[in-house]
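Now for the letters of each chain:
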Amino acid sequence: MATSDQLLVVIDPVARHGDGEAVRIAKDVLSAGATTKVCLPDGPEEFARALARRGSRRPVVIGDDRALLRAVSLLHRRRELAGCALSLVPVGVGDGSVSLARALGVPMGAVAAARAVLDGSERRLDLLVDDSDGVVLGALRIPPTGGADGHGAHGAGGAGGAGGAGGSGSAGEAGAQHQPHWLRTCQSLVRTLAARPARGTTPSAPGPARLRIEVDGRTLVDLDQPVTAVSITTGDGGGGARVEVRPASVGASAAPMEAVARTITVSGADFRYRADAVVGGPVRTRTWVVREGAWGLTLPG
């Protein structure tokens, strides 16, 4: 049997507990079309062990953007991305949990995504790698936007806080199933009250920041020009990453500054950033380098 017909299906615990029906459908479709070995890790350590012991099997992740980011980060740190094509069946909980997968071209829906795993082809994609060995698959934003979760970018699980968040959340759900109903009700009430902001306070949007942004050794923006937003997005393979900087302005809006570069350095006062699904920082300087065609993802032909 060909290597491509042997799959290692790693089911993220958040997907397993959040949408068991979609997971079951994806498993059935994959098992009908290939020889599969299914792994059900309970946390980031077991997730990492499953990938490390995949042998000749092609890894398939059933999970959300964090699970994909975790898998790519683990393979990057093992220096195994070049010889491994990943596949993804997006199963997430909550708005935006699979937005990265959608942007990368992975089909939405368990059946369509599983069919793409079986019948699709590998596409090599660019990767952004920072000076602490963190990775960005799609987009990086300063300041962090899109529901920042407060987890550091390089926590447990390899791909930033993604691994730690996934493992701890599912473990809590599993343990809650064995608790008395009255205790679960009390815990839910406590969590609700703790998450409620204090009366009279509203979260404020971050103001303009003074940052130096260098692209391929050239200064695009210096500290004397406050900026409201910085975005860096990976390309489709070759040419570098697209950098867009929005300067702060008084009155008429200032036009964004744009560049395409292979090396981007941001420095200045402490700043946070959102790399795909994970918030990182605060840091005073960070450099990202484009690795062209560094990782492979199975997509519809």
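Heads up: these notes are all about the structure in this document.

**Observations concerning the nonpolar core**
Grouped together as the largest cluster of nonpolar side chains are 33 residues, with contacts concentrated most on Leu68, Val72, Leu127, Leu137 and Trp295. Mapped by element, the contributors of at least two residues to this core are β1 (6–11), α3 (44–52), α4 (65–77), β4 (85–90), α5 (99–104), β5 (121–130) and β14 (278–299). Looking at this core element by element, the count peaks at 7 residues for α4. Contact partners of Leu127, with chain neighbours within four places excluded, come to Val72, His76, Leu81, Val135, Val136, Leu137, Val289, Val290, Arg291, Ala294 and Trp295. Counting residues in each nonpolar core, the second largest holds 25 residues, with Ala241, Ala261, Val283 and Trp288 among its members.

**Looking at the packing of helix α2 (residues 20–33) against helix α6 (residues 110–119)**
Two numbers describe how α2 lies on α6: the axes approach to 9 Å, and their chain directions differ by 30°. The orientation of α2 with respect to α6, classified from their angle, is roughly parallel. Remark: the crossing between α2 and α6 carries right-handed chirality. Residues Ala22, Ile25, Ala26, Val29, Leu30 and Gly33 of α2 form the contact with α6, whose participating residues are Ala110, Val111, Ala114, Arg115, Val117 and Leu118. Classifying every residue of the contact of α2 with α6 gives 10 nonpolar, 1 polar and 1 charged.

**Quick look at α2**
The end-to-end C-alpha distance of α2 is 20 Å, a good match for the 20 Å that 14 residues give at a rise of 1.5 Å each. Listed as buried for α2 are Ala22, Val23, Ala26, Val29 and Leu30. When α2 is viewed along its axis, its buried side chains cluster within an angular range of 130° and face the same direction. Among the structural elements, β1, α1 (13–18), β2 (35–39), β3 (58–63), β4 and α6 are those in contact with the buried residues of α2.

**Quick look at the environment of Phe47**
As for its position among the elements, Phe47 is in helix α3. Judged by its relative accessible area of 1%, Phe47 falls in the buried class. In the structure, Phe47 is positioned 35 residues away from Asp12 in sequence and 7.9 Å away in space, judged by C-alpha atoms. If we ignore the near neighbours within four places in the chain, the residues touching Phe47 are Val10, Asp12, Pro41, Val61, Ala67, Arg70, Ala71 and Leu74.

**Considerations on unusual backbone geometry**
Residue Pro143 is reached from Ile142 by a cis peptide bond, and omega for that bond is -5°. Positionally, Pro143 belongs in the loop between β7 (139–142) and α7 (161–176). Of note, the bond from Gly281 into Pro282 is cis; its omega dihedral lies within 30 degrees of zero at 5°. Mapped onto the elements of the fold, Pro282 is located in strand β14. Positive phi, normally seen in glycine, also occurs at Arg79, with a value near 55°. Along the chain, Arg79 falls in the loop between α4 and β4. Positive phi, normally seen in glycine, also occurs at Asp216, with a value near 50°.

Definitions and limits used
- Residues numbered from 1 in each chain as written.
- Predicted model: local features only at pLDDT ≥ 70, side-chain atom pairs only at ≥ 80, totals over all residues.
- Heavy atoms only, no water.
- Core = buried A, V, L, I, M, F, W, Y, C linked by side-chain atoms within 4.5 Å.
- Buried < 20%, exposed > 50% of the residue type's maximum accessible area, 1.4 Å probe, protein only.
- Helix = DSSP H or I, 4+ residues; strand = E, 2+ residues; numbered from the N terminus.
- Contact = heavy atoms within 4.5 Å.
- Axes fitted to C-alpha atoms, helices over the stretch in contact; angles between N-to-C directions.
- Parallel < 35°, antiparallel > 145°, perpendicular 65-115°, else oblique.
- Left-handed = near helix turned anticlockwise from the far one by under 90°.
- Nonpolar A, V, L, I, M, F, W, Y, C, P; charged D, E, K, R; others polar.
- Expected span 1.5 Å × (residues − 1).
- Arc of directions from axis to C-beta.

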